[in-house]
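A look at the structure
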Amino acid sequence: MYKKIDLKKQFLVTGGAGFIGSNICIELVKKGYRVRCLDNLSTGSIDNLKEIIFLPNFEFIYGDIRNYSTCDVAMKDIDYVLHQAALGSVPRSFKNPQMYCENNVMGFLNILEAAKKNKVLRVIYASSSSVYGNSLTMPKIEGTEGMILSPYALTKKENENWATIYTKYYEVETIGLRYFNVFGRGQNPHGMYAAVIPKFIKTIQEGNRPEIYGDGMQSRDFTYINNVVSANYLACIASKEAVGKYFNIASGERIFLNSLYKIIAEFYDFKEEPIYLERRTGDVRDSFADISSAKQYLGYKPEWSFTKGLEETLNWYNKNQEKERSNIS
Ligand code: NAD
């Protein structure tokens, strides 16, 4: 699969020091592609890039997508833009909607405008399952979105709208990828806004009881990082029919939070129950994707099931914990 794009082509990964972006950068650099990363390190870290940072086919630009000239400079000689830079977290977005709009919407507009000026071949951008809002349709199918439930989700929906406009009126080829709860190596387990899988793992590793917001019967379509990396690549080579559209990128498996908890607790032989707290505003109850459109237009196939991905992830965090311990002692 990774032989379809000429090795002379150059990629720009925005947000490349973050969880998803760094995994994309590492995979492309290892395959021999020239990759430039643009990141302001607001939530990402250079540490995520340590295995490629000094390689000749990798370039890091410390900069902010809110600055148009930075985007313009970063886009020079670029063929494909894989746009991951954004502020995540539904609960945090309620605290500062303006900052979310500036980062996620205005930042993306700068990317689209710079892509237009520099005539890049295609812009692939990270959207999110959160755009389905309060839709009760199950599984979630593109075109059945409900009412938006958070500022974060609104920024992602706006990205899709702006991308559609740039494709239609400015001839910028765009494809949106609606990621569903991505997990895997390198995801930040720290802080109150950490994603549920690394948070459960870290809390149990420290011998504490993880918290679940609600009764634990909410469901998610947890998607292993390798599937997301390959979706980005596939979107670059997809036929023109896919351009101007957005696709669910998921495992296509429905996992309840209580089941997730059980698997992780069993892995660590942790016998205690989680702490159940009140549901959080803006949280979607159920999220489970229909991935037939991504299959049809991108040739996407989740090669990594939830179970296989979780096994890899648990092993990775376990190894990392051992490393952390040996660094301390
Ligand atoms: P992350 O926070 O690990 O990575 C985001 C990166 O973007 C960070 O390195 C951060 O420093 C950078 N960034 C943020 N604002 C920036 C700015 N103004 N200028 C330059 N760089 C900036 O998050 P992630 O989980 O890797 O998410 C990547 C993308 O995928 C985001 O767009 C996110 O909304 C989307 N997404 C993620 C998930 C998930 O489950 N992780 C689900 C749906 C969508």
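Now for a description of the structure that goes with this document. For every chain, the first residue of the written sequence is number 1, and numbering continues from 1 along that sequence. Restriction of local features to residues with pLDDT of at least 70 applies here, the model being predicted, together with a cutoff of 80 or more for giving and counting side-chain atom pairs; totals for whole chains, interfaces and linings are based on all residues. Only hydrogens and water are set aside when side-chain values are computed; all heavy atoms of the structure are taken into account.

**Section: the nonpolar core**
Defined as follows: To qualify as a nonpolar core, a set must consist of buried Ala, Val, Leu, Ile, Met, Phe, Trp, Tyr and Cys residues joined through side-chain atoms within 4.5 Å. Buried, partly exposed and exposed residues are distinguished by accessible area as a fraction of the type maximum, computed with a 1.4 Å probe on protein chains only: under 20%, between the cut-offs, and over 50%, respectively. Only runs of H or I of at least four residues qualify as helices and only runs of E of at least two qualify as strands under DSSP, and these elements are numbered from the N terminus. Whether two residues are in contact is decided by their heavy atoms, any of which lying within 4.5 Å being enough.
Among the nonpolar cores identified, the biggest contains 67 residues, and Ile264 and Leu298 are the most heavily contacted of them. A total of 8 residues in this core trace back to one element, the largest contributor, which is helix α7 (residues 225-237). Ignoring sequence-local partners within four residues, the contact set of Leu298 consists of Ile175, Leu177, Leu234, Ala235, Ala238, Ala242, Phe247, Ile249 and Ser293. If you look at the next biggest cluster of nonpolar residues, it comprises 22 residues, including Ala74, Leu109, Ala114 and Tyr125.

**Observations concerning the site of the ligand**
Test applied: Neighbouring residues are identified by heavy atoms, a residue being near a molecule or strand if any of them is within 4 Å of it. Counted as a polar contact is a pair of N or O atoms within 3.5 Å, where, for protein atoms, one must be capable of donating a hydrogen and the other of accepting one, and residues adjacent in sequence contribute only when both atoms are in side chains. When residues are grouped by polarity, Ala, Val, Leu, Ile, Met, Phe, Trp, Tyr, Cys and Pro land in nonpolar, Asp, Glu, Lys and Arg in charged, and all others, Gly among them, in polar.
In the vicinity of the ligand, 27 residues are found, and the nearest of them are Ile20, Asp39, Thr43, Asn103 and Tyr152. Residue Phe19 places a main-chain N or O atom 2.9 Å away from an oxygen atom belonging to the ligand. Lys156 is positioned such that a nitrogen or oxygen atom in its side chain is 2.8 Å from an oxygen atom of the ligand. Put simply, the parts of the chain that give the shell around the ligand at least two residues each are α1 (19-30), β5 (122-128) and α5 (151-170). With 3 residues, the top contributor of residues to the shell around the ligand is β5. Its residues placed into classes, the shell around the ligand shows 11 nonpolar, 12 polar and 4 charged.

**Here's the deal with the environment of Gly184**
Position of Gly184 relative to the elements: it lies in the loop between β7 (182-183) and α6 (196-205). Spatially, the C-alpha atoms of Gly184 and Ala74 are 28 Å apart, while their sequence positions differ by 110 residues. Once you skip the residues sitting within four places of it in the chain, Gly184 turns out to touch Phe19, Tyr224, Ile225, Thr313 and Tyr317.

**Some points on the packing of helix α4 (residues 97-117) against α5**
Helices that pack against each other are described as a pair by the angle of their axes relative to one another and the distance between those axes. Which entries qualify depends on this criterion: Orientation is described by axes fitted as lines to C-alpha atoms, over the contacting stretch for helices, and by angles from 0 to 180 degrees between their N-to-C directions. Should an angle fall under 35 degrees it is called roughly parallel, over 145 degrees roughly antiparallel, and 65 to 115 degrees roughly perpendicular, with every other angle called oblique. Take the far helix as the reference: if the near one is turned anticlockwise from it by less than a right angle, the crossing is left-handed, and if turned clockwise, right-handed.
Where α4 contacts α5, the two axes come as close as 10 Å, and the packing angle between them is 20°. The orientation of α4 relative to α5 falls into the category roughly parallel. Crossing hand, α4 versus α5: right-handed. Contacts between α4 and α5 involve Pro97, Tyr100, Cys101, Asn104, Val105, Phe108, Leu109, Leu112, Glu113 and Lys116 from the first element and Pro151, Tyr152, Thr155, Glu158, Asn159, Trp162, Ala163, Tyr166 and Tyr170 from the second. Of the residues assigned to the contact of α4 with α5, the class counts are 13 nonpolar, 3 polar and 3 charged.

**Observations regarding the pattern of salt bridges**
Where charged atoms of side chains with opposite charge meet at close range, the side chains can pair. Applicable threshold: What makes a salt bridge here is a side-chain nitrogen of Lys or Arg within 4 Å of a carboxyl oxygen of Asp or Glu, nothing more.
The final tally for this structure, using the stated rule, is 18 salt bridges. Linking Arg36 and Glu59 is a salt bridge whose minimum nitrogen-to-oxygen distance equals 3.0 Å. In this pair, Arg36 sits in strand β2 (residues 34-39) while Glu59 sits in strand β3 (residues 58-62), placing the two residues 23 residues apart along the sequence. For Glu59, a relative accessible area of 34% gives the class partly exposed. One salt bridge connects Arg178 with Glu160, and the closest N-O pair in it is separated by 2.7 Å. With a gap of 18 residues between them, Arg178 in strand β6 (residues 174-179) and Glu160 in helix α5 connect regions that are remote in the sequence. Glu160 sits in the buried class, given a relative accessible area of 0%. Bridged by salt links that share partners, the residues Glu145, Lys157, Glu160 and Arg178 form one connected network.

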